[in-house]
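Listed below, chain by chain, are the residues.
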Amino acid sequence: GENVEQHPSTLSVQEGDSAVIKCTYSDSASNYFPWYKQELGKRPQLIIDIRSNVGEKKDQRIAVTLNKTAKHFSLHITETQPEDSAVYFCAASIRRWVTGGGNKLTFGTGTQLKVEL
Amino acid sequence: ETGVTQSPTHLIKTRGQQVTLRCSSQSGHNTVSWYQQALGQGPQFIFQYYREEENGRGNFPPRFSGLQFPNYSSELNVNALELDDSALYLCASSLETGRTDTQYFGPGTRLTVL
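A short tour of the structure in this document, coming up. (Residues numbered from 1 in each chain as written. Chains lettered and ligands numbered in written order. Predicted model: local features only at pLDDT ≥ 70, side-chain atom pairs only at ≥ 80, totals over all residues. Heavy atoms only, no water.)

Some remarks on the overall build of chain B
(1) Moving on: The secondary structure content of chain B amounts to zero helices and eleven strands.
(2) Moving on: Scanning chain B from its N terminus toward the C terminus, one meets helices and strands in the order β-β-β-β-β-β-β-β-β-β-β.
(3) Moving on: Here the C-alpha radius of gyration of chain B, 13 Å, is about what a compact globule of 114 residues would show, namely 13 Å.
(4) Moving on: Considering only C-alpha atoms, chain B reaches an extent of 40 × 30 × 25 Å along its principal axes. (Helix = DSSP H or I, 4+ residues; strand = E, 2+ residues; numbered from the N terminus. Rg over C-alpha atoms; globule rule 2.2 N^0.38 Å.)

So, in structure tokens, the structure goes:
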């Protein structure tokens, strides 16, 4: 089955700096890659996702890049703020783009991001 | 915040008991997925229900079972509880259209098995 590895497990940056979290996946058939943010005691929330037909996607301070050949994808957060502090999870799935096609997400182990003042 | 709700919030059971967890999906969604999140780990896929039918299952034993109801709410049942079943159980609802299916998570149920 699919295996997703995520690095680093903890990341500490100064406010205003950039943060990069990297994930690798094992199944070359994976075609959907979401990123979730989970604050302490709260539910995971989708922050950005990318499909395999796109190499990069950006949403304000957040961007995701995908390298299908190397089977890795990365989350980039620019101009970090204290409220960015949370655990970030990457995930991968083989998405069949038909109604009822199913979407089993395989998650990485998470990155604890701490933004220091 | 999403419209996905779960009950109960917390639950304490003893080994060997059975438990039922509930999830109310977001209005308009037809799919519910269940995940187990152990402390310090990422969520692990248990199974998914689409329009009342199981639509994919992860590496969990048969004592983990589920249901989806006509209103698309769902239950997760776990029989013969083991200590390792202690975890946060998350459900996620989505609208499976074939073009988009972003999964929106509920707040989770914290299960402790003693």
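Moving on, there is more to tell.
What to know about the pattern of salt bridges
Think of it this way: side chains of opposite charge can pair up when their charged atoms draw near.
(1) Moving on: Evaluated as defined, the whole model comprises six salt bridges over all chains.
(2) Moving on: The salt bridge partner of Lys57(A) is Asp49(A), with a shortest N-O separation of 3.0 Å.
(3) Moving on: Residue Lys57(A) is classed as partly exposed on the basis of its relative accessible area of 36%.
(4) Moving on: In this structure Asp49(A) comes out as buried when scored by relative accessible area, which is 14%.
(5) Moving on: Several salt bridges share partner residues, and in doing so they unite Arg63(B), Glu82(B) and Asp85(B) into one network. (Salt bridge = Lys/Arg side-chain N within 4 Å of Asp/Glu carboxyl O. Buried < 20%, exposed > 50% of the residue type's maximum accessible area, 1.4 Å probe, protein only.)

A closer look at the side chain of Asp84(A)
Residue and element names in this part refer to chain A.
(1) Moving on: The topology assignment puts aspartate 84 in the loop between strand E8 (72-77) and strand E9 (86-92).
(2) Moving on: Relative accessible area serves as the criterion here: at 7%, aspartate 84 is assigned to the buried category.
(3) Moving on: Reaching out from aspartate 84, the side chain makes a polar contact with the side chain of arginine 61 at a distance of 2.9 Å.
(4) Moving on: When neighbours within four sequence positions are excluded, aspartate 84 is seen to be in contact with Lys37, Arg61, Ile77, Glu79, Leu113 and Val115. (Polar contact = N/O pair within 3.5 Å; in protein donor to acceptor, adjacent residues only side chain to side chain. Contact = heavy atoms within 4.5 Å.)

Some thoughts on the nonpolar core
(1) Moving on: Within the largest apolar cluster, 24 residues are counted, with the highest numbers of intra-cluster contacts made by Trp35(A), Phe73(A), Leu75(A), Tyr88(A) and Leu113(A).
(2) Moving on: The set of elements that each furnish at least two residues to this core consists of strand E2 (10-14), strand E3 (19-25), strand E4 (32-38), strand E5 (45-51), strand E7 (62-67), E8, E9 and strand E11 (111-116) of chain A. (Core = buried A, V, L, I, M, F, W, Y, C linked by side-chain atoms within 4.5 Å.)

Details of the sheet that holds E3(A)
Residues and elements named next belong to chain A.
(1) Moving on: Reading across the sheet, the five strands line up as E1-E3-E8-E7-E6 and stay open at both edges, with antiparallel pairing between neighbours. Two strands lie at the open edges of the sheet, namely strand E1 (4-7) and strand E6 (56-59), each paired on one side alone. Neighbour-to-neighbour, the strand axes of this sheet turn through a mean angle of 15°, independent of strand direction. (Pairing = 2+ DSSP bridges. Axes fitted to C-alpha atoms, helices over the stretch in contact; angles between N-to-C directions.)

Points about the packing of aromatic side chains
(1) Moving on: Counted under the stated rule, the structure contains 13 aromatic pairs over all chains.
(2) Moving on: Seen from their ring centres, Phe33(A) and Phe73(A) are 4.8 Å apart, and the 50° between their planes marks the pair as tilted. Placement of the pair is Phe33(A) in strand E4 and Phe73(A) in strand E8, with a sequence separation of 40 residues. With respect to class, Phe33(A) is no different from Phe73(A); both count as buried.
(3) Moving on: Taking 5.5 Å as the distance between ring centres and 50° as the angle between the ring planes, the aromatic pair formed by Tyr35(B) and Phe105(B) counts as tilted. Taken as a pair, Tyr35(B) in strand E4 (residues 31-37) and Phe105(B) in strand E10 (residues 104-105) lie far apart in primary sequence, 70 residues in all. Comparing Tyr35(B) with Phe105(B) shows no difference in burial state: the two are buried.
(4) Moving on: By the ring-pair criterion, three or more aromatic residues cluster together here, those being Tyr36(A), Phe89(A), Phe107(A), Tyr35(B), Phe45(B) and Phe105(B). (Phe/Tyr/Trp six-rings, centres within 6.5 Å; stacked < 30°, edge-to-face > 60°.)

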